[in-house]
Amino acid sequence: MSRRVSRRRGKGKEVLPSYPENEEGDLPWDKQNQNQWLDWTMLPDDTVIQLFSCLNYRDRASLSSTCRTWRTLGTSPCLWQSLDLRAHNCDVNGADSLSSRCSSLQKLRFRGADSADAIINLRATNLKEICGDGCGKIVDATLSVIAARHEALESLQLGPEFCEKISSGAIKAIAKCCPKLRKLRLSGLRDVDEHALSGLAKHCKDLVDVGFIDCQNLDEVALGRITSIRFLSVAGISDMDWTAVSEHWTKLPNLIGLDVSRTFITPNAASRLLLSSKSLKVLCALNCTTIKEDANFPPNLKKGTLLLTLSSDIFKALASLFGNVLNKERDVLSYWRSSTDKDKNVDDIMTWVEWVMSHSLLRIAESNSQGLDNFWINQGAALLLNFLESSQDDVKEKAATGLATFVVTDDENTNIDGRRAEAVLSGGGISLLLNLARSWRDGFQSEAAKAIANLSVNPSVAKAVADQGGISLLASMARSMNRVVAEEAAGGLWNLSVGEEHKGVIAATGGIEALVGLIFKWPSGGDGVLERAAGALANLAADDKCSIEVAEVGGVHALVMLARNCKTEGVQEQAARALANMAAHGDTNHNNATVGLEAGSIEALVQLTRSPHEGVRQEAAGALWNLSFDDRNRESISTAGGIEALVALANSSSNASPSLQERAAGALWGLSVSEANSIAIGQEGGVAPLIALARSETEDVHETAAGALWNLAFNSGNALRIVEEGGVPTLVHLCSSSGSKMARFMAALALAYMFDRRIGEQSLVGSSSDNTSKSVNLDGSRRIALKHIEAFVLSFADSSMFHAASVSSAPAALSRITESARILEAGHLRCSGCEIGRFVTMLRNPSSVLKACAAFALLQFTMPGGRHAMHHVNLLQNAGASRILRGAAASTNAPLEAKIFAKIVLRNLEHHVSL
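Everything in this summary refers to the structure shown in the same document.

Reading the values: rules and limits
- Residues numbered from 1 in each chain as written.
- Predicted model: local features only at pLDDT ≥ 70, side-chain atom pairs only at ≥ 80, totals over all residues.
- Heavy atoms only, no water.
- Helix = DSSP H or I, 4+ residues; strand = E, 2+ residues; numbered from the N terminus.
- Buried < 20%, exposed > 50% of the residue type's maximum accessible area, 1.4 Å probe, protein only.
- Areas by Shrake-Rupley, 256 points an atom, 1.4 Å probe, with all protein chains shown as cover.
- Lys, Arg positive; Asp, Glu negative; His and termini not counted.
- Charge placed at Lys NZ, Arg CZ, Asp CG, Glu CD.
- Contact = heavy atoms within 4.5 Å.
- Pairing = 2+ DSSP bridges.
- Right-handed = clockwise from strand over helix to strand, strands pointing away.
- Phe/Tyr/Trp six-rings, centres within 6.5 Å; stacked < 30°, edge-to-face > 60°.
- Lys NZ or Arg CZ within 6 Å of the ring centre and 35° of its normal.
- Polar contact = N/O pair within 3.5 Å; in protein donor to acceptor, adjacent residues only side chain to side chain.
- Axes fitted to C-alpha atoms, helices over the stretch in contact; angles between N-to-C directions.
- Patch = residues over 30% accessible without salt bridge, like charges linked within 9 Å, V, L, I, M, F, W, Y side chains within 5 Å.
- Salt bridge = Lys/Arg side-chain N within 4 Å of Asp/Glu carboxyl O.
- Left-handed = near helix turned anticlockwise from the far one by under 90°.
- Core = buried A, V, L, I, M, F, W, Y, C linked by side-chain atoms within 4.5 Å.
- Expected span 1.5 Å × (residues − 1).
- Arc of directions from axis to C-beta.
- Parallel < 35°, antiparallel > 145°, perpendicular 65-115°, else oblique.
- Nonpolar A, V, L, I, M, F, W, Y, C, P; charged D, E, K, R; others polar.

## What about the overall build of the chain?
Here's step 1: Scanning the chain from N- to C-terminus turns up 49 helices and 16 strands.
Here's step 2: The dimensions of the chain, computed from C-alpha atoms along their principal axes, are 110 × 85 × 60 Å.
Here's step 3: For the chain, the residues scored as buried account for 55% of the 915 residues in total.
Here's step 4: As displayed, the chain offers around 38,900 Å² of accessible surface, 48% of which is attributable to carbon and sulfur atoms.
Here's step 5: Placing the 92 positive and 100 negative side-chain charges of the chain at their respective mean positions leaves the two points 2 Å apart.

This is the structure:
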């Protein structure tokens, strides 16, 4: 399932001039041009304050340093009534620096135990609301001190992470210190005992909204004594005495809303609560399997009482609170928000329902419960989309996170449910998420970007995101000073960059520059952002034009830096994949050489082939394979120990994925183009693992292993090693049985190299690594090899077409033979002068099979339209091959297929010379 630089300006946009400051620090004022630019420091105070209110806290602080006037305005109490510190590591020093602005602070959000320790130093004595995320490490002492320092506190929420280190002792301290408390929501406590609940009942007379969510133990009887409670959530508590609940909670005189979602409430207890409570209006019981499985539930409800379950029509139930005024029940939430004449009780119920349902839907999505497809498609997606427009910030964030979560069915393989994604799309969800992402609030930005990223795995959603300007927005967000926002935006660009149609847009909106900038901005300590940035760049680098821009903005240096220094598996894998894709455009740009010349690049990739993680090894081998197409890179890889590393990788990959096997063999194939490397691979023990890989059941592995063995077989010592290691039966099998024409072709060429009489009929082969020796009889192997080479060549020689060509040699007949003999991708093979010379020499071999094979090979290498055809034609001309080809074509002793193929090669030479 990743970055900071300035955005590229669009065409046609006017670039305003910049003016140097004078000695007094004031901007010069040109009376003749005074209407062409604006001195922002001269704006009215109320306008400046309004501008400040639209900025995040970091930007407010930055603008406050512009001048004395703005510094004063930047501390205006109206700008600091609410503070969200979740995006910042707020330590004691940071809190001290903020304290001068916090005298009027009323709402505070923070994340983590360190920030909890620091907020005491804000000296915000009028604080009324505290909401904390990531509070798993907060202890009783910290929470008790926070309560003691903020006696005016009316709302305290900690979660949704489990607060396992907070005990009943801290709740007692809260009760004593915060008598004005009206809302208390705590998640994941181990125990809420009688003394803690009695303290709340005694001291907090105005406590109306209580949530003990996902707690382990709760005293149900003592909770029933807090008579002020109007709204109560015990969602996620698995171990409760439902008999005690139904007996004591029905007596709560003010209880209007009760949330028992994700519990094992019994049908009897639920029925008693609904029928016996005099005040209860709403029972929220989402994903309660015990009542879902009872065929006799629910009972006949009292008029005005709502039961909200996953199997009920939630929109219809909520619409009943407003009588018959709605034409569309699905519009109930928007109707309620826009209503000017609100009933306070209904308003309180709807506000509470939004919160508890958004929380529970997120938890249900996180658990990835089975059997909920119909709910998510028919109601769940629509509810989450409606919650995106809530007036409660917490509800908006949970809804966005829920949309990011419920669509994912497999985290590891980044699989999403297409029907759920389509439900979001058809419900107008992309527009809502993009609007939320445009907010100045970091929390909204990050959660909206996460949802957009996950949903964009679906091609239809990705198109909608692009059509509605989402790519430009994500590219801008990737420059955020908030690492979490930048990380999620980079994730969105990563998923969108999978689509070929989106790559150019990402580049045009400055996305590539932003992604590279992220790597330089957070080179360490930001593994999530680095993996996403590298992953997006890897996708983009697969496009020729985008890969050029990646290189131009310093992307090669950034990716090599990650490959060398980062120790995280995901980052290493994506960095290596990006470098592999950068190096894959050797015929169209210079990035292959650029990557190879970057200091430490090849050494880093060689080292990554030794990684314990298969994905890293696979991508590193793929990068070395692509780099090996450049002559200088081949030698650099060898010098950096690449041969030893890749032979070891091939040796250890017998049980690995086909992709790793293909790339390990492919890298050795690329290196073995050099004769010195070919000899070194043989001496290092590379023959045996390549033969083993050639036995793979995967055609792609057949091709790379056979290609490597073909190159190795050019050397007589390696040819003998192939025979010694049992390679002949393997190559014979490939030649006759592989589903890949390329693999069959290269296996035939390897066998031809081995048995063109450059090695003796009897040989004693000694291992380079030990003193053992093996006697190898080549005669039988040679007969088998020639038999299958002949069968391979004849499989491309249609007898009727060959007879017609032998009679008239008409161009049309030769063209038909050419097309029927064409081997897919063979035109991409590039041979050296020595190899071409060897095939020319083979045309004179006494073996008719080898003559035919040589002519067939030269036909493939000179096919019109082949990538390297002109290169091979030049080599043939330099070798004086035309005379030998004419001799082969006219020979009375040569087989018909050798003569016809030789004629076609001569025609190919004439074709290229005439161009």
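From this point, things continue past the structure.
## Quick look at the environment of Met357
Here's step 1: Within the secondary structure, Met357 sits in helix H15 (residues 344-367).
Here's step 2: Classification of Met357 as buried rests on a relative accessible area of 0%.
Here's step 3: Sequence separation between Met357 and Arg438 is 81 residues, and the spatial gap between their C-alpha atoms is 25 Å.
Here's step 4: In this structure, Met357 is in contact with Cys284, Leu286, Leu308, Ile314, Leu383 and Phe387, ignoring residues within four places of it in sequence.

## A word on the pairing of strand S5 (residues 183-187)
Here's step 1: Taken across its 5 residues, S5 has 4 buried, putting it largely inside the fold.
Here's step 2: Bridge count between strand S4 (residues 155-158) and S5: 4 bridges; the pairing is parallel. Bridged to Leu156 within S5 is Leu184.
Here's step 3: With helix H7 (residues 168-177) bridging S4 and the parallel S5, this β-α-β connection has right-handed handedness.
Here's step 4: Both S5 and strand S7 (residues 209-213) contribute to a ladder of 5 bridges, which runs parallel. Each residue of the ladder has a partner; that of Leu186, found in S7, is Phe212.

## Some points on unusual backbone geometry
Here's step 1: In this model, Gly159 is joined to Pro160 through a cis peptide bond whose omega is 10°.
Here's step 2: You can see Pro160 is positioned in the loop between S4 and H7.
Here's step 3: The phi dihedral of Asp214 falls on the positive side, at around 55°, and the residue is not glycine.
Here's step 4: Within the element layout of this structure, Asp214 appears in the loop between S7 and strand S8 (217-218).

## Focus: the packing of aromatic side chains
Here's step 1: Within the structure shown, the criterion is met by 16 aromatic pairs.
Here's step 2: Arranged with centres 5.2 Å apart and planes meeting at 70°, the rings of Phe792 and Phe796 form a pair that is edge-to-face.
Here's step 3: Here Phe792 falls in the buried class, since its relative accessible area comes to 2%.
Here's step 4: With relative accessibility at 6%, the residue Phe796 sits in the buried group.
Here's step 5: Measuring from ring centre to ring centre gives 5.1 Å for Phe796 and Phe856, while their planes differ by 35°; the resulting arrangement is tilted. Note that Phe796 is positioned in the loop between helix H42 (778-794) and helix H43 (799-808) and Phe856 in helix H46 (residues 848-861), a separation of 60 residues in sequence.
Here's step 6: Classification of Phe856 as buried rests on a relative accessible area of 1%.
Here's step 7: Of note, Arg838 hangs over the ring of Phe714, and the distance from its end group to the ring centre comes to 5.0 Å.

## Points about the side chain of Asp214
Here's step 1: Classification of Asp214 by relative accessible area gives buried; the value is 11%.
Here's step 2: A polar contact is formed between the side chain of Asp214 and the side chain of Arg262, at a distance of 2.9 Å.
Here's step 3: If sequence neighbours within four positions are ignored, Asp214 has contacts with Phe162, Gly188, Ala235, Gly236, Ile237, Arg262, His359 and Arg363.

## Considering the sheet that holds S7
Here's step 1: Strands sit in the order S1-S2-S3-S4-S5-S7-S9-S10-S11-S12 across an open sheet of 10 strands; the sheet is parallel. Either end of the sheet is taken by a strand with one partner, and the two such strands are strand S1 (82-84) and strand S12 (306-308). Taking the axes of each pair of neighbouring strands and ignoring which way they run, one obtains an average angle of 5° across the sheet.
Here's step 2: Across 3 bridges, strand S10 (residues 257-259) lies against strand S11 (residues 282-284) in parallel orientation. Each residue of the ladder has a partner; that of Asp259, found in S11, is Cys284.

## Thoughts on the environment of Leu372
Here's step 1: Relative to the assigned elements, Leu372 resides in the loop between H15 and helix H16 (373-387).
Here's step 2: In this structure Leu372 comes out as buried when scored by relative accessible area, which is 3%.
Here's step 3: Spatially, the C-alpha atoms of Leu372 and Ile120 are 44 Å apart, while their sequence positions differ by 252 residues.

## Observations concerning a positive patch on the surface
Here's step 1: Together, Lys172, Lys176, Lys202 and Lys205 line one region of the surface with positive charge.
Here's step 2: Tracing the backbone through its elements, the reader meets Lys176 in helix H7.
Here's step 3: According to the relative accessible area criterion, Lys176 is exposed, its value standing at 61%.

## Quick word on the packing of H16 against helix H17 (residues 393-406)
Each pair of packed helices can be summarised by the angle the axes make with each other and by the distance between the axes.
Here's step 1: Relative to each other, H16 and H17 sit at 145°, their axes nearing to 7 Å. Regarding H16 and H17, the two cross each other, and that crossing is left-handed. Across the interface between the two elements, Trp376, Ala381, Leu384, Leu385 and Phe387 from H16 touch Val395, Lys396, Ala399, Gly402, Leu403 and Phe406 from H17.

## Topic: the pattern of salt bridges
Should their charged atoms come close, side chains of opposite charge can pair.
Here's step 1: Following the criterion strictly, the structure yields 31 salt bridges and no others.
Here's step 2: The salt bridge partner of Arg111 is Asp133, with a shortest N-O separation of 3.5 Å. In this pair, Arg111 sits in strand S2 (residues 107-111) while Asp133 sits in strand S3 (residues 129-133), placing the two residues 22 residues apart along the sequence.
Here's step 3: Of the residues examined, Arg111 reaches a relative accessible area of 39% and is grouped as partly exposed.
Here's step 4: Residue classification places Asp133 among the buried positions, given a relative accessible area of 7%.
Here's step 5: Here Glu487 and Arg532 are joined by a salt bridge, their closest N and O atoms 3.3 Å apart.

## Considering the nonpolar core
Here's step 1: Residues Met357, Trp710, Phe745, Leu751, Met754, Phe839 and Phe861 are the most contacted members of the largest nonpolar core, which totals 233 residues.
Here's step 2: With 82 residues, the next largest nonpolar core counts Leu98, Ile166, Leu197 and Cys288 among its residues.

## Quick notes on the pairing of S3
Here's step 1: For S3, the buried fraction is high: 4 of the 5 residues fall into the buried class.
Here's step 2: Relative to S3, S2 is paired through 5 bridges, and the arrangement is parallel. Across the sheet, Arg111 pairs through a bridge with Asp133, a residue of S3.
Here's step 3: Where the polypeptide runs from S2 across helix H5 (residues 113-118) and back to S3, its parallel neighbour, the crossover connection is right-handed.
Here's step 4: Two strands pair when backbone bridges link them, and S3 and S4 are joined in this way by 4 bridges, in the parallel orientation. Within S4, the residue paired with Gly132 across the bridge is Leu158.
Here's step 5: The β-α-β motif built from S3, the intervening helix H6 (residues 140-149) and the parallel element S4 has right-handed crossover chirality.

## Side note on H42
One turn of an α-helix holds 3.6 residues; hence residues three or four places apart share an orientation.
Here's step 1: Relative to the 24 Å expected for 17 residues at 1.5 Å per residue, H42 spans 24 Å between its end C-alpha atoms, a close match to the ideal helical length.
Here's step 2: Among the residues of H42, Leu778, Ser781, Arg782, Ala785, Leu786, Ile789, Phe792 and Val793 are the ones counted as buried. Along the axis of H42, the buried residues cluster in a sector spanning 130°; they form a single face. In H42, the exposed positions angled more than 90 degrees off the buried face are occupied by Arg783 and Lys787.

## Topic: the packing of helix H45 (residues 833-842) against helix H47 (residues 869-878)
Here's step 1: The N-to-C vectors of H45 and H47 enclose an angle of 60°; their axes lie 9 Å apart at closest approach. Taken together, the axes of H45 and H47 lie oblique to each other. Considering the relative orientation of H45 and H47, their crossing is right-handed. Side by side, H45 and H47 meet where Gly833, Ile836 and Val840 of the first sit next to His872, Leu875 and Leu876 of the second.
Here's step 2: Looking at side-chain class alone, the contact of H45 with H47 contains 4 nonpolar, 2 polar and no charged residues.

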